[in-house]
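Descriptive structure summary
One-letter residues, chain by chain:
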Amino acid sequence: MNRTPAEGLSLRRVGAMLRRYLYLLRSSPPRILDLIYWPLVQMLTWGFLQTYLAKASAAAPIAGRLGLAAGTLIGAMLLWDILFRGQLGFSVSFLEEMWSRNIANLMMSPLRVGEFILALTAMSIIRLSIGFLPVTFLAILFFGFNLWGLGLAVGFFFANLILTSWAIGLLCSGVVLRYGLAAESLVWTVMFLMQPLACVFYPVGVLPKPLQAFAWMLPPTYVFEGLRGLLIHHAFRADLMGEAFVLNVLLFSVAVIGFRRMLLDARRAGSLLQTGE
Amino acid sequence: MHIAAPQRPCEPTAPAIEVEALTKAYKRLVAVDHVSFSVARGSVTGLLGGNGAGKTTTIGMIMGLILPTSGKVNVLGVDMLAERHRVLARMNFESPYVDMPHRLTVRQNLEVFGRLYGIGDLEIRISVLAKDLALEDLLDRPSGQLSAGQKTRVALAKALINEPEVLLLDEPTASLDPDTADWVRTHIETYRRGSGATILLASHNMREVERLCDRVIMLKEGRVAGDASPGELLARFGRDSLEEVFLDLARGRRRAP
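Overview of the structure. Note that the structure is a prediction, hence the values are computed from the model and not measured.

Looking at the overall build of chain B
If you tally the helices and strands in chain B, you get 9 helices and 11 strands. Taking 2.2 N^0.38 as the reference for a compact globule, 257 residues should give roughly 18 Å; the C-alpha atoms of chain B span a radius of gyration of 19 Å, in line with that estimate. Projected onto its principal axes, the C-alpha positions of chain B cover 55 × 45 × 35 Å. Going through the 257 residues of chain B one by one, you find that 49% of them count as buried. Long-range pairs, those at least 24 residues apart, make up 66% of the contacts in chain B with a sequence separation of at least 6.

Take a look at the structure:
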């Protein structure tokens, strides 16, 4: 029988996993709808809020104006969605294996952990693109906000946010692997723990001093500060992107080590054959 | 693209499975206690025992899905604790504790696993399996819509997709009606005859073990309570069926001389 060796990194096995997730996505229209529905609702909510605040601010005396540059809220919301949907795209693909009790089949196959992670990251981008891309174009249509008009900066924002989302997604997946589906809610809520500290919709300076130190430990904080810098002061802060990248490399490394450690713990606890609650 | 690391040859003359002083303890419970055995290539060995005897845990440790507290496991001469990826493409398993994605069709599931196992002639392989396991009419149905018997046949197809040299089966006929169970047993026999594969089969179905196995390892409370061919066990215990031997062991009525 024609059988390729199992050692080394195999893009064929990564492709097999991608195929598995794409088959699943294709078989379930509600899953596709879900990918578009919430980003659209979010964009509309924040877009209208931005419009209202901008109008109210313009009508106020100069001293009382909010100083909202066009698109700070809606832009922040779109970038937040990269972070949130990127993590969900990663973790939900992983959860699919837990829900279908398929994880032991995968762990017993020649699939390597690195290949599994690679497939999950690729799926995160695919799932994110399905929801995110149309919404960015609708933002132009409804509110005249063109995220793509920010040019190369969008690439830096995206790279940093998606790296954070993968790191968090990987850590959540590790926890679910170790503790079972009882820990599933973490996947859906963990990003909201980060939201106030990452200063998505307001500057870091708004936070009390002690919290500001924590905020600067989070890579997304640099991205959202960078976005506001670009929209309000028309200046791209490469230094902020560099610092975010360094933190992301650290965070992702910790996540990979953490995931491997939790996989080892799951094997030690014998829970791979008993996935479920 | 495939970036392959240099392959070290597996030990060609080593037993298919070697287990030495294998132990698994969970806090206060010792699930498997210093179990040792080796399984010759091409044989069918039954792991027999009641619920909680340690069969699934032993199989889980052989596969590397469960880490032992102590002891060694070698499959095809490869240390499963250190280098399991060297032999995973040559093994496979079926267990009632795992399932396959429900929304994917049978064909899609087999295709995904075929690719994971690096099967080159995948379409042909799926056709052969579909014919052998009477899955032809089920190939385009979602796996989640199948009956228990159909699911077992699909799980068996997945377990055979790479024509494994070592096949681990954990209660392959559990919850099947007698007709389907017999059908599955026949297919396991056929596969073994045709491929010369080594099969380790965990079961608490005595008739199944009597029919399929060359050798029986009886587990009780995580320890080996008997290890011989079915005929030898019957003679040793002076019984007519393995079921009676099993009951003797389970209830402590007699001990093997």
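After that view, the rundown keeps rolling.
Here we look at unusual backbone geometry
All names here are of chain B. Positioned with a positive phi, Ala134 is a non-glycine residue whose angle comes to about 55°. By secondary structure assignment, the location of Ala134 is in the loop between helix H4 (122-132) and helix H5 (148-160). Note on Ala134: 12 C-beta atoms within 10 Å, which makes it exposed. The backbone phi angle of Glu171 is positive, close to 45°, even though this residue is not glycine.

Considering the sheet that holds strand E6 (residues 78-79) of chain B
Residue and element names in this part refer to chain B. Ordered by their spatial adjacency, 4 strands build an open sheet running E3-E2-E5-E6, and the pairing between neighbours is antiparallel. The sheet is open, and its two edges are formed by strand E3 (29-39) and E6, each paired on a single side. Where strand E2 (residues 17-26) lies against E3, 7 bridges are found, and the strand directions are antiparallel. Within the sheet, the bridge partner assigned to Leu22 lies in E3 and is Val35.

Topic: the interface of chain A and chain B
Listed as interface residues are 38 residues of chain A and, on the opposing side, 39 residues of chain B. Contributing elements (two or more residues each) for the side of chain A that touches chain B: strand E1 (9-10), helix H1 (11-27), helix H4 (103-108) and helix H10 (238-269) of chain A. Considering every element that reaches the side of chain A that touches chain B, the biggest residue donor is H1(A), with 10 residues. When its residues are assigned to classes, the side of chain A that touches chain B shows 15 nonpolar, 13 polar and 10 charged.

Quick word on the nonpolar core
The tendency in soluble globular proteins is for nonpolar side chains to be buried side by side. Core analysis: the largest hydrophobic core is formed by 151 residues, its most contacted members being A:Leu79, B:Ile62 and B:Val75. Here this core gets 14 residues from one element, more than from any other, and that element is helix H3 (residues 72-99) of chain A. Ignoring any residue separated from it by four or fewer positions in sequence, one finds B:Val75 in contact with B:Ala16, B:Ile17, B:Ile62, B:Met80, B:Val87, B:Met91 and B:Val166.

With respect to the packing of helix H6 (residues 152-179) of chain A against helix H9 (residues 219-233) of chain A
Residues and elements named next belong to chain A. Following both chains from N to C, one finds H6 and H9 inclined at 160°, their axes separated by 9 Å at the closest point. Comparing their axes, H9 and H6 come out roughly antiparallel. Considering the relative orientation of H6 and H9, their crossing is left-handed. Across the interface between the two elements, Ala153, Phe157, Asn160, Leu161 and Thr164 from H6 touch Pro219, Pro220, Val223, Gly226, Leu227 and Leu230 from H9. Broken down by class, the residue content of the contact of H6 with H9 amounts to 8 nonpolar, 3 polar and no charged.

Observations concerning H5(B)
Given 3.6 residues to a turn, an α-helix orients residues that are three or four positions apart in the same direction. Residues and elements named next belong to chain B. Given a rise of 1.5 Å per residue, 13 residues ought to cover 18 Å, and the 18 Å separating the end C-alpha atoms of H5 matches this to within 8%. Burial analysis of H5 places 10 of its 13 residues in the buried class, which makes it a mostly covered element. Restricting attention to buried positions, one finds in H5 the residues Lys151, Thr152, Arg153, Val154, Ala155, Leu156, Ala157, Lys158, Ala159 and Leu160. Of the surrounding secondary structure, the elements contacted by the buried residues of H5 are strand E7 (91-94), helix H3 (106-116), H4, strand E8 (166-170) and helix H6 (178-195).

Examining the packing of H3(B) against H5(B)
All names here are of chain B. Running from N to C, H3 and H5 point in directions that differ by 20°, and their axes come no closer than 9 Å. Here H3 is positioned roughly parallel relative to H5, judged by the angle of their axes. In the crossing of H3 with H5, the sense of the turn from one axis to the other is right-handed. Along the contact surface, H3 presents Val106, Asn109, Leu110 and Phe113, while H5 presents Val154, Ala157 and Lys158. Broken down by class, the residue content of the contact of H3 with H5 amounts to 5 nonpolar, 1 polar and 1 charged.

With respect to the pairing of strand E11 (residues 223-228) of chain B
Residue and element names in this part refer to chain B. As paired elements, strand E10 (residues 215-220) and E11 share 5 bridges and run antiparallel to each other. Bridge pairing in E11 places Ile217 opposite Asp227. Taken together, E10 and the strand that follows it, E11, pair antiparallel across an intervening segment of 2 residues, in which Glu221 is found at a positive phi of about 50°.

A few points about the environment of A:Gly180
All names here are of chain A. Along the chain, Gly180 turns up in the loop between H6 and helix H7 (185-194). For Gly180, a count of 17 C-beta atoms within 10 Å puts it in the partly exposed group. In the structure, Gly180 is positioned 79 residues away from Arg101 in sequence and 11 Å away in space, judged by C-alpha atoms.

Brief notes about the sheet that holds E11(B)
Residues and elements named next belong to chain B. Strand order in the open sheet formed by 6 strands is E7-E8-E9-E4-E10-E11, and the pairing between neighbours is mixed. What marks the edges here is a single partner per strand, and that holds for E7 and E11. Between one strand and the next, the sheet's axes are offset by a mean angle of 15°, whatever the strand orientation. In this structure, strand E4 (residues 44-48) lies alongside E10, joined through 4 bridges in parallel fashion. Its bridge partner lying in E10, Leu47 is registered against Ile217. Contacts between helix H1 (residues 55-63) and the sheet are confined to E4, E7, E8, strand E9 (198-203) and E10, with E8 contributing the most and set at about 150° to the helix.

A short note on the pairing of E2(B)
Residues and elements named next belong to chain B. Where E2 hands over to E3, the hairpin turn is made up of 2 residues, of which Lys27 adopts a positive phi near 45°. Inspection of the sheet shows E2 paired to strand E5 (residues 70-75) by 5 bridges, in the antiparallel sense. Looking at E5, one finds that Thr23 is bridged to Ser70.

Parameters and conventions
- Every chain's residues receive numbers from 1 upward, in the order its sequence appears when written.
- Whichever chain is written first is A, and whichever ligand is written first is 1; the rest continue in order.
- Selection of residues for local features in this predicted model requires a pLDDT of at least 70, selection of side-chain atom pairs for listing and counting requires 80 or more, and totals for whole chains, interfaces and linings are taken over all residues.
- A run of H or I in DSSP becomes a helix once it reaches four residues, and a run of E becomes a strand once it reaches two; helices and strands are each numbered from the N terminus.
- Atoms counted for the radius of gyration: C-alpha only. Globule rule: 2.2 Å times residue count to the power 0.38.
- Three exposure classes are used, based on other C-beta atoms lying within 10 Å of a residue's own C-beta, which is placed from the backbone: buried for 20 or more, exposed for 12 or fewer, and partly exposed in between.
- Think of it this way: build a C-beta for each residue from its backbone, and any pair within 7 Å is a contact.
- A strand pair is defined by DSSP finding two or more bridges across the two strands.
- By the convention adopted, Pro, Cys, Tyr, Trp, Phe, Met, Ile, Leu, Val and Ala count as nonpolar, Lys, Arg, Asp and Glu as charged, and the other residues, Gly among them, as polar.
- Put simply, a nonpolar core is buried Ala, Val, Leu, Ile, Met, Phe, Trp, Tyr and Cys residues tied into one set by C-beta atoms within 7 Å.
- What counts as an axis is a line fitted to C-alpha atoms, over the stretch in contact for a helix, and the angles between N-to-C directions run from 0 to 180 degrees.
- Oblique is the label for any angle not covered by the other classes, which are roughly parallel (under 35 degrees), roughly antiparallel (over 145) and roughly perpendicular (65 to 115).
- Note on convention: near helix rotated counterclockwise from far helix by under a right angle means a left-handed crossing. Clockwise means right-handed.
- One less than the number of residues in a helix, times 1.5 Å, gives the span that helix is expected to have.

Keep in mind these values describe shape, not function.
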